[in-house]
Amino acid sequence: MNSFKALKLGVFLFFAHLIGESPRLTLLIVIDQFAYHELLAHKKFFTGGLRKLIDQGLFYQNAFHAHAMPETSVGHATLSTGTTPSQHGYIANNWMTRDGVQRKADDGTPEETVIDAPRAIPAGPQYLMVDTLADQIALNSAEPTNLVTLSLKSHAAIALAGRLGSPYWFDASTGLFTTSLAYKKELPEWLRKFNETAGITKLTEVTWDLAYPKESDAYARVNPDTYNYAATKEPIAGTTISIDRNKKLPFDGYERSPESHRALLKLVTTYLDTETNNENRTVIFLSINNLDKVGHLYGPDSYEIIDTLYHLDRDLGTFFDSLSTYARPEETLIALTADHGVFPVLETLPARGIPFARRASAPQLIDAMNAVLAEEFGIEKLVIGYISPQFYLDQSR
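Note that this is a predicted model, so its numbers are computed, not measured.

Novice: So, the overall build of the chain: which residues are in play, and what are the values?
Specialist: A tally of helices and strands in the chain yields 13 helices and 14 strands. Taken against the 2.2 N^0.38 rule, which gives 21 Å for 397 residues, the C-alpha radius of gyration of the chain at 22 Å falls within 12% of a compact globule. The principal-axis extents of the C-alpha atoms in the chain amount to approximately 70 × 50 × 45 Å. Looking at the chain as a whole, 54% of its 397 residues qualify as buried. Residue pairs in contact within the chain that sit at least 24 positions apart in sequence constitute 69% of those at least 6 positions apart.

Following this line, the structure appears as structure tokens:
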């Protein structure tokens, strides 16, 4: 009898595996910005993969990340290294150096250019200060192991892969999955063929159909007021999204739609079809990020977030069922987790009984802090920057 186990960690973490022999196929999934309360709020309407994990799995509900920086790079690196930002080096998605230069967690050296993506910024693991689970698997596997990391985001892929985990990610400027020269001199044949046959680069639009009728109870938690304060006022769930090649990132709308996570799941099966065999073990790290991409625009009380979860649940169900093609259920291990959670759009909270909730911009915080420091210590303009949650000081003072 097959028996799923699921683990829920941190803001939200699922760890799922089938009990049995030492796994030949291991799939470690991180759903970007999947907060625990979102799982509980919508599980009534889950019918696929998430429902299978909840109903048939071992579900750990009281687990936490041991840090307080809820961002993608930080959460992924914490999960992959088993240590905290002060140790692994990813203290934020972005930060400022002592000389006032902003850095991104996945900034690469000038030589680590992204393959087939001339507009992309070089990407690599130079700021990751410790090894990852993928690194340890690559170094210490007792038998041949296929190892790959797949994501929509470069910084999520690199945080999971470390230096030896073969990360590939989606480039929204080209519509291609790629990697950087930090890892490969050229794309592997299986990925080139996927890019050629997937048809993403030829799209002019992508349609996002709602998983349930719009007036269904499945969307009862949608707060219409959230669209008044969202970063983007026009909803995209239930619409057709144009792909504008005059934009810097023509495929950013595609990334936000459920089609992007379907492409990731198809990428996994393509890898399994072409790169695995019955002899080797396979370990796949998979970071699914479209939930986070719509979450930053619309907040959790939107059709975009809620409907993404319903589509993801259904698509994971089909995907999980397909894995038996590649390994027997008793030889399959699945872990599913999240890197961080999400907070409601602040401006909607006063109407819900939190009157003191308000948004403060970085310039406002810098001015306020400098005013306090000037009054207390007579030092003018000591604070030169703020990238949540850190203030940055003028080191020459």
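Novice: Break down the pairing of strand 11 (residues 281–288) for me, with residues and values.
Specialist: Within strand 11, eight of the eight residues are buried, leaving the element largely enclosed by the surrounding structure. Here strand 11 shows no split at all, with Arg281, Val283, Phe285 and Ser287 on one side and Thr282, Ile284, Leu286 and Ile288 on the other all buried. As defined by bridge partners, strand 3 (residues 25–31) adjoins strand 11 across seven bridges and the pair is classed as parallel. Counted as the bridge partner of Val30 is Ser287 from strand 11. Bridging between strand 6 (residues 145–151) and strand 11 involves seven bridges; their strand directions are parallel. When the sheet's bridge partners are listed, Thr145 is paired in strand 11 with Arg281.

Novice: Tell me about the pattern of salt bridges, residues and numbers included.
Specialist: Summed over the entire model, instances satisfying the criterion amount to 17 salt bridges. Residues Glu255 and Lys293 are paired through a salt bridge, measuring 3.6 Å at the closest nitrogen-oxygen approach. Here Lys293 lies in helix 11 (residues 290–298) and Glu255 lies in helix 9 (residues 252–256), a separation of 38 residues in the sequence. The exposure class of Glu255 is buried, given its relative accessible area of 5%. Of the residues examined, Lys293 reaches a relative accessible area of 21% and is grouped as partly exposed. Through salt bridges with shared partners, a single network forms among Arg24, Glu143 and Arg281.

Novice: Could you give an account of helix 2 (residues 49–56), naming the residues involved and the relevant values?
Specialist: Residues of helix 2 that are buried include every one of Gly49, Leu50, Leu53 and Ile54, and no others. An end-on view of helix 2 places all buried positions within 140 degrees of arc, on one side of the element.

Novice: Let's hear about the packing of helix 3 (residues 72–81) against helix 6 (residues 154–161): which residues, and what values?
Specialist: Look at helix 3 against helix 6: their axes get within 8 Å of each other, and the N-to-C directions meet at 20 degrees. Between helix 3 and helix 6, the angle is such that the two are roughly parallel. Judged by the twist between their axes, the crossing of helix 3 over helix 6 is right-handed. Every residue of helix 6 that contacts helix 3 at Thr72, Ser73, His76, Ala77 and Ser80 is listed here: His155, Ala156, Ala159 and Leu160. Of the residues assigned to the contact of helix 3 with helix 6, the class counts are four nonpolar, five polar and no charged.

Novice: Quick rundown of the packing of aromatic side chains? Include the residues and the values.
Specialist: As enumerated under the stated definition, the model contains 17 aromatic pairs in all. A ring pair is formed by Tyr36 and Phe59, whose centres lie 6.4 Å apart and whose planes are at 75 degrees; its orientation type is edge-to-face. Placement of the pair is Tyr36 in helix 1 (residues 36–42) and Phe59 in the loop between helix 2 and helix 3, with a sequence separation of 23 residues. The residues Tyr36 and Phe59 share a single accessibility class, namely buried. With a centroid separation of 5.8 Å and an interplanar angle of 65 degrees, the aromatic rings of Tyr219 and Tyr310 are classed as edge-to-face. One end of the pair, Tyr219, is in the loop between strand 9 (205–207) and helix 8 (226–229); the other, Tyr310, is in helix 12 (residues 303–322), and 91 residues separate them in sequence.

Novice: Before we move on, could you go through the side chain of Thr149 and cite the residues and values that matter?
Specialist: Topologically, Thr149 is positioned in strand 6. Setting aside residues no more than four positions away along its own chain, Thr149 makes contact with Ala157, Leu160, Ala161, Gly165, Ser166, Pro167, Tyr168 and Phe285.

Novice: Account for the nonpolar core, naming residues and giving values.
Specialist: Counting residues in each nonpolar core, the largest one holds 69 residues, and the members touching the most others are Ile29, Leu150, Phe177, Tyr219, Leu286, Tyr310 and Leu316. Ranked by the residues each element gives to this core, the list is headed by helix 12, at nine residues. The contacts of Tyr310, once residues within four sequence positions are left out, are His42, Phe45, Phe46, Ala211, Tyr212, Ala218 and Tyr219. Judged by nonpolar contacts, the second largest core, of 19 residues, contains Trp95, Ala105, Ala123 and Tyr183.

Novice: Could you give an account of the confidence of the model for the chain, with specific residues and numbers?
Specialist: Of all residues in the chain, 95% have pLDDT values of 70 or greater, and the mean over the chain is 92. Low pLDDT (under 50) marks residues 1–20, which in the prediction has 102 contacts with non-local residues, meaning those over four places away or in another chain.

Novice: Run through unusual backbone geometry, naming residues and quoting values.
Specialist: Cis geometry marks the peptide bond from Ser388 to Pro389, where omega comes out at 5 degrees. In this model, Asp116 sits at a positive phi of 60 degrees, which is unusual for a non-glycine residue. By relative accessible area, Asp116 is classed as partly exposed at 38%.

Conventions used here
Residues numbered from 1 in each chain as written. Predicted model: local features only at pLDDT ≥ 70, side-chain atom pairs only at ≥ 80, totals over all residues. Heavy atoms only, no water. Helix = DSSP H or I, 4+ residues; strand = E, 2+ residues; numbered from the N terminus. Rg over C-alpha atoms; globule rule 2.2 N^0.38 Å. Buried < 20%, exposed > 50% of the residue type's maximum accessible area, 1.4 Å probe, protein only. Contact = heavy atoms within 4.5 Å. Pairing = 2+ DSSP bridges. Salt bridge = Lys/Arg side-chain N within 4 Å of Asp/Glu carboxyl O. Arc of directions from axis to C-beta. Axes fitted to C-alpha atoms, helices over the stretch in contact; angles between N-to-C directions. Parallel < 35°, antiparallel > 145°, perpendicular 65-115°, else oblique. Left-handed = near helix turned anticlockwise from the far one by under 90°. Nonpolar A, V, L, I, M, F, W, Y, C, P; charged D, E, K, R; others polar. Phe/Tyr/Trp six-rings, centres within 6.5 Å; stacked < 30°, edge-to-face > 60°. Core = buried A, V, L, I, M, F, W, Y, C linked by side-chain atoms within 4.5 Å. pLDDT = per-residue confidence, 0-100.

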